[in-house]
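Residue-level structure breakdown
What follows is each chain in one-letter form.
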Amino acid sequence: MLCMSSQEPASTDRPDERPLRVGIVCPYSFETPGGVQNHIRDFSEALMRRGHSVSVFAPGRRTKDMPLWVQTNGSSFAVPYNGSWAHLSYFLAAGLQTRRWVRQGQFDIVHLHEPEAPSVSHKPLVMRGAPPMVATFHASIEPYPKALHLFQRYLHSYLEPLSEAIFVSPAAQRTADHYLPVSISRHVIPNGIDRASYLLARPDRRWQGTLEHPTIGFLGRLEEERKGFSVFVDAAARVLERHPGARFLVVGDGGAEAAKAIAERDGGAALLERFEFLGRVDDDAKARFYKSLDVYVAPQTGGESFGIVLAEAMAAGCPVVASDLPAFVDVTEQGLDAELFANRDAADCAERICALLADPARRARLGKAGLKRSGDFDWERVVDEVLAVYRSALADGQGALS
Ligand SMILES: Nc1nc2c(ncn2[C@@H]2O[C@H](COP(=O)(O)OP(=O)(O)O[C@H]3O[C@H](CO)[C@@H](O)[C@H](O)[C@@H]3O)[C@@H](O)[C@H]2O)c(=O)[nH]1
């Protein structure tokens, strides 16, 4: 379904920002939640708060809770991608629909996300007379797969029309550098968070720990191997040897299957008693969850381009134990703001959790360091940086901003 609903740009209180009409193309359907979709939704809202007009185009069908400024093309298909499932739309009709949406939108700037993915954000790149185009690259695939070398030359020439490239992390840049033409200006700008909502959240008594019953949390899609839930479970079994009263709180889809898998382990019944599956929670409850925990664990094993969940936990002042994936190393300033453990090593993970549980002063120090670091990811700062990139693209393209 194609329908236009982007409102007129309003005036803005910042003299250096004339209101822009921004068209954002998301490669993934908004019917299923995901890091890229959440990023686009929150970024669009932050831009609109500043008086800019935003319209988003994405594959898939409309759902009741979708904002009116999200336009959908009516169809998508699921493919396995980077350890997860991506809902894309690619074929002829998708190209025609996307290019028509760009033409009708009369945008000052078009912002493509993951234009290398075979989906709608790939399509405007072949348009004649398109507005300046900026792209954000989210994916981090390390080591870089040999199979992708086959597409490098194609992508290299296809991405040529881009004015500027944004990478959500140095890890994402390392991946995109394989196929992005050298002539395109490059900027590392992190994913954003609504920092105040975590900072100001109140702890929830049900999830708060005590000396005897500390709470240790996990958040993510449980059924995806790369989210590392099995590492968390192995680490929990070891932590319980030293802290038998510890509680393991789990947020995310897939709880029933995950509980079944724990029950089937040796000694699984006793272990399962220490787990509480909270399912998918709303954003307010998520902020309270992070705020209540003694330790948040991010045991992801790969495929992470940034690590927004670390940034969220840090903004709540929650001490973080995370695997040492390149993206997590960047987010935590080489481990200054979190305890890092060797990826997939549950014994190391348990050691770090126990060290923090035994030392409240260390927990407090880490919580404070993370809180400070999370300021770098606040939407207000991230939006400033992206607008500076838009200005540079417009200056190069049409000289429209000043
Ligand atoms: N409210 C709520 N939010 C959730 C839930 N589960 C996940 N989320 C939120 O969904 C977002 C993405 O979560 P991830 O687990 O990091 O998912 P992803 O789709 O693999 O994220 C990818 O993109 C992110 C942003 O670019 C990257 O930061 C991340 O590393 C990864 O590459 C985060 O804001 C996370 O808090 C839930 O049950 N409830």
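Residues numbered from 1 in each chain as written. Predicted model: local features only at pLDDT ≥ 70, side-chain atom pairs only at ≥ 80, totals over all residues. Heavy atoms only, no water.

**Quick look at the domain arrangement of the protein**
The condition is simple: Each domain span listed reflects an automatic or database assignment of domains. Note on contacts: a residue pair is in contact if any heavy atoms of the two residues lie within 4.5 Å. Each of two parts loses accessible area, computed with a 1.4 Å probe, when they are put together; buried area is these two losses added. By salt bridge we mean one thing: a side-chain nitrogen of Lys or Arg within 4 Å of a carboxyl oxygen of Asp or Glu. Throughout this description, a polar contact denotes any pair of N or O atoms lying within 3.5 Å of each other; where both atoms belong to protein, one of them has to be capable of donating a hydrogen while the other can accept it, and for residues adjacent in sequence the pair is counted only when both atoms sit in side chains. For helices the rule is a DSSP run of H or I covering at least 4 residues; for strands it is a run of E covering at least 2, with both sets numbered from the N terminus onward.
Domain annotation of the protein identifies domain 1 (21-192 + 379-395) and domain 2 (195-377). Spacing between the C-alpha centres of domain 1 and domain 2 amounts to 30 Å. Tallying the contact residues gives 22 residues for domain 1 and 16 residues for domain 2. Carbon and sulfur atoms make up 47% of the surface buried where domain 1 meets domain 2, a total of about 1,400 Å² over both sides. Where domain 1 packs against domain 2, one counts 2 salt bridges. Here Asp-283 makes a salt bridge to Arg-41, at a shortest N to O gap of 3.8 Å. On inspection of domain 1 and its partner domain 2, the count reaches 4 residue pairs in polar contact (both at pLDDT 80 or more). For the side of domain 1 that touches domain 2, the elements supplying multiple residues, two or more each, are β5 (84-88), α4 (170-176) and α14 (379-397).

**A closer look at the pattern of salt bridges**
Convention followed: Under the scheme applied here, a residue whose accessible area is under 20% of the maximum for its type counts as buried, over 50% as exposed, and between as partly exposed, the area being computed with a 1.4 Å probe on protein chains only.
On inspection of all chains with the given rule, the structure shows 26 salt bridges. The partner of Glu-31 in a salt bridge is Arg-61, with the nearest N and O atoms 3.2 Å apart. On the criterion of sequence distance, the pair formed by Glu-31 in the loop between β1 (21-25) and α1 (35-49) and Arg-61 in the loop between β2 (53-58) and β3 (70-72) is long-range, its members being 30 residues apart. Residue Arg-61 is classed as exposed on the basis of its relative accessible area, which comes to 55%. We note a salt bridge from Glu-276 to Arg-247, for which the minimum N-O separation is 2.8 Å. Of this pair, Glu-276 sits in strand β12 (residues 275-279) while Arg-247 is found in strand β11 (residues 247-251), placing the two residues 29 residues apart along the sequence. With a relative accessible area of 26%, Glu-276 lands in the partly exposed category. In the salt-bridge network here, residues are joined through shared partners; they are Arg-41, Asp-42, Asp-283, Lys-286 and Glu-312.

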